[in-house]
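This is what each chain is made of:
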There are 2 protein chains.
Amino acid sequence: MPFTTEIQPGVHQETPKATRGFVLNHSMLRVKDPQVALDFYTGVMGMRLLRKLDFPEMRFSLYFLAKLEGETAPEDVGERTAWTFSQRSILELTHNWGTESDPDFRYHDGNAQPQGFGHICFAVPDLDAAVAWFDEKGVTFVKRPDQGKMKDVAFIKDPDGYWIEIVQPDKLTALGL
Amino acid sequence: MPFTTEIQPGVHQETPKATRGFVLNHSMLRVKDPQVALDFYTGVMGMRLLRKLDFPEMRFSLYFLAKLEGETAPEDVGERTAWTFSQRSILELTHNWGTESDPDFRYHDGNAQPQGFGHICFAVPDLDAAVAWFDEKGVTFVKRPDQGKMKDVAFIKDPDGYWIEIVQPDKLTALGL
């Protein structure tokens, strides 16, 4: 099957058979206050909460969200768990109970030192409309599309300070990328 | 349209119209040595390198990978950029030039203090087979499926020390989740 990929040092051109059916399902971010985070990810980013899992003995809860377009998730909770873990681009938010009531508590965004994780990214159909929407919702920008060296790429912050890149895919092609 | 979701404080049940077409496209992790990281993500996890973008003035390169099953990416590089940014579950690896030759350099995994980002997760069709495959490839485990409180959930490390959760979706339902 013809597949266009880039040849770079380290890259295996053949996909190992043992990885058939592997799906990159989710990224997990810890959040201080789930009510604030859920308000943002459902009310501003338009995600749906697929599943909440509580672990009382370990005093944490997990929230699984997805940006869906038209798909419907199974009603049965067990089936919904399996379905959630079979999707792509799920966002998992972890809440360690009690952090929301500690005024000094905050998580590390990965961009200040020590660095590691950088950001999540949403593609949007219309960058200008998305920026206007984020302004309407009072979202904090790290970088607006016209700032910095990377034109037409924006970064906003979620309530915990994690960076979210915002791009309009066809504009990147126009930039020569 | 019937959509089963969870009702929790903060959750908006109505998806804002302004978010129509938003797609959670990728998560970005910084890596010390792209050759080592690409060997792992293509040779062990079975991902494909869709696009490499170089930014010589800023001395970094970006690598966009996906675990694809059957899909083919456009041959034209510009179209491939737009296509890559329209997909779900892309992994972006950022390489700041020079880190690979500094023996003391390492990135922060987000699970040691200060905490923030936790992990990415791959769903697999057969957890036992996946564990055997990772053992064959000499992958480091944070937690094997039979260790700890969460049975049937494994965590491995990528070459930079980032955690990767490994789950078999139907086993989670069997756990009562």
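The rules behind these values
- Residues numbered from 1 in each chain as written.
- Chains lettered and ligands numbered in written order.
- Predicted model: local features only at pLDDT ≥ 70, side-chain atom pairs only at ≥ 80, totals over all residues.
- Heavy atoms only, no water.
- UniProt positions renumbered as here; feature names shortened; annotations may be inferred.
- Contact = heavy atoms within 4.5 Å.
- Salt bridge = Lys/Arg side-chain N within 4 Å of Asp/Glu carboxyl O.
- Polar contact = N/O pair within 3.5 Å; in protein donor to acceptor, adjacent residues only side chain to side chain.
- Helix = DSSP H or I, 4+ residues; strand = E, 2+ residues; numbered from the N terminus.
- Pairing = 2+ DSSP bridges.
- Axes fitted to C-alpha atoms, helices over the stretch in contact; angles between N-to-C directions.
- Domains from an automatic or database assignment.
- Buried area = accessible area lost by both parts, 1.4 Å probe.
- Least-squares fit on C-alpha atoms with pLDDT ≥ 70 in both.
- Buried < 20%, exposed > 50% of the residue type's maximum accessible area, 1.4 Å probe, protein only.
- Core = buried A, V, L, I, M, F, W, Y, C linked by side-chain atoms within 4.5 Å.

- Going by the annotation in an unreviewed UniProt entry, the name recorded for chain A is lactoylglutathione lyase, with Phenylobacterium deserti given as the source organism.
- According to the UniProt record, the Pathway (unreviewed entry) comment for chain A is "Secondary metabolite metabolism; methylglyoxal degradation; (R)-lactate from methylglyoxal: step 1/2."
- Taken directly from UniProt, the Sequence similarities (unreviewed entry) text for chain A runs: "Belongs to the glyoxalase I family."

Some thoughts on the interface of chain A and chain B
And step 1. At the junction of the two partners, chain A supplies 96 residues and chain B supplies 96 residues.
And step 2. The tally of links between chain A and chain B comes to 2 salt bridges.
And step 3. The partner of Glu 71 of chain A in a salt bridge is Arg 88 of chain B, and the shortest N-O contact between them spans 3.0 Å.
And step 4. Inspection of the chain A/chain B interface yields 52 residue pairs in polar contact (both at pLDDT 80 or more).
And step 5. Element by element, the count of residues in the side of chain A that touches chain B is highest for strand E1 (residues 23-30) of chain A, at 8 residues.
And step 6. With 6 bridges joining them, E1 of chain A and strand E5 (residues 117-123) of chain B adopt antiparallel strand pairing. Within E5 of chain B, the position partnered with His 26 of chain A by the bridge is Cys 121 of chain B.

Concerning the sheet that holds strand E5 (residues 117-123) of chain A
And step 1. The strand order E6(A)-E7(A)-E8(A)-E5(A)-E1(B)-E4(B)-E3(B)-E2(B) describes an open sheet built from 8 strands, whose pairing is mixed. In the strand order of this sheet, the two ends are held by strand E6 (141-143) of chain A together with strand E2 (48-55) of chain B, each with one partner. The average angle at which neighbouring strand axes cross in this sheet is 25 degrees, direction not considered.

Thoughts on the domain arrangement of chain A
Residue and element names in this part refer to chain A.
And step 1. Under the domain assignment used here, chain A contains domain 1 (23-100) and domain 2 (119-177).
And step 2. Between the C-alpha centres of domain 1 and domain 2 the distance comes to 23 Å.
And step 3. Between domain 1 and domain 2, the contact holds 14 residues from the first and 14 residues from the second.
And step 4. Of the roughly 1,100 Å² buried at the junction of domain 1 and domain 2 (both faces included), carbon and sulfur atoms supply 75%.
And step 5. Joining domain 1 to domain 2, the criterion identifies 0 salt bridges.
And step 6. Scanning the region where domain 1 abuts domain 2 turns up 4 residue pairs in polar contact (both at pLDDT 80 or more).
And step 7. Going through the elements one at a time, E1 and helix H1 (34-43) are the ones with two or more residues in the side of domain 1 that touches domain 2.
And step 8. Sort the elements by how many residues they give to the side of domain 1 that touches domain 2 and H1 lands first, with 5 residues.

Some thoughts on the relation of the copies chain A and chain B
For these two chain copies, the linking operation is a rotation about an axis paired with a shift along it.
And step 1. At an RMSD of 0.0 Å, chain A and chain B line up after a rotation of 180 degrees and a shift of 0.0 Å along the axis. The superposition operator between the copies reduces to a two-fold rotation axis. The rotation axis passes nearest to the C-alpha of Ser 89 of chain A in chain A, at a distance of 2.3 Å.
And step 2. Both copies present the same face, since 100% of the interface residues in chain A are matched by interface residues at the equivalent positions in chain B.

Things to note about the UniProt feature "domain: VOC" (unreviewed entry) in chain A
And step 1. This chain's UniProt record puts "domain: VOC" (unreviewed entry) on residues 23-169 of chain A.
And step 2. A distance of 23 Å separates the end C-alpha atoms of residues 23-169 of chain A, which is 20% helix and 34% strand.

Section: helix H2 (residues 77-84) of chain A
And step 1. Of all 8 residues making up H2 of chain A, 6 are buried, and the element is well covered by its neighbours.
And step 2. Among all positions in H2 of chain A, only Gly 78, Arg 80, Thr 81, Ala 82, Trp 83 and Thr 84 of chain A are buried.
And step 3. Where the residues of H2 of chain A are buried, they touch E1, strand E2 (48-55), strand E3 (60-66) and strand E4 (90-96) of chain A together with helix H4 (169-174) of chain B.
And step 4. N-cap assignment for H2 of chain A: the residue whose side-chain oxygen lies 3.2 Å from the backbone N of Gly 78 of chain A is Asp 76 of chain A.

With respect to the nonpolar core
And step 1. Core analysis: the largest hydrophobic core is formed by 68 residues, its most contacted members being Met 45 of chain A together with Met 45 of chain B.
And step 2. Residues within four places of Met 45 of chain B in sequence aside, it is in contact with Thr 19 and Phe 22 of chain A together with Phe 40, Lys 67, Phe 122, Phe 134, Ile 156, Ile 164 and Ile 166 of chain B.

Considerations on the sheet that holds E3 of chain A
And step 1. If you trace the 8 strands from one edge of the open sheet to the other, you get E2(A)-E3(A)-E4(A)-E1(A)-E5(B)-E8(B)-E7(B)-E6(B), paired in mixed fashion. Because the sheet does not close on itself, it has two edges, and the strands there are E2 of chain A together with strand E6 (141-143) of chain B. Across the sheet, the axes of successive neighbouring strands diverge by a mean angle of 25 degrees, strand direction being ignored.
And step 2. Of the pairings in the sheet, the one linking strand E7 (residues 153-157) of chain B to strand E8 (residues 163-167) of chain B comprises 5 bridges and is antiparallel in character. Across the sheet, residue Ile 156 of chain B finds its bridge partner in E8 of chain B, namely Ile 164 of chain B.
And step 3. Set on the sheet, H1 of chain A makes contact with E1, E2, E3 and E4 of chain A; between it and E3 of chain A the angle comes to about 5 degrees.

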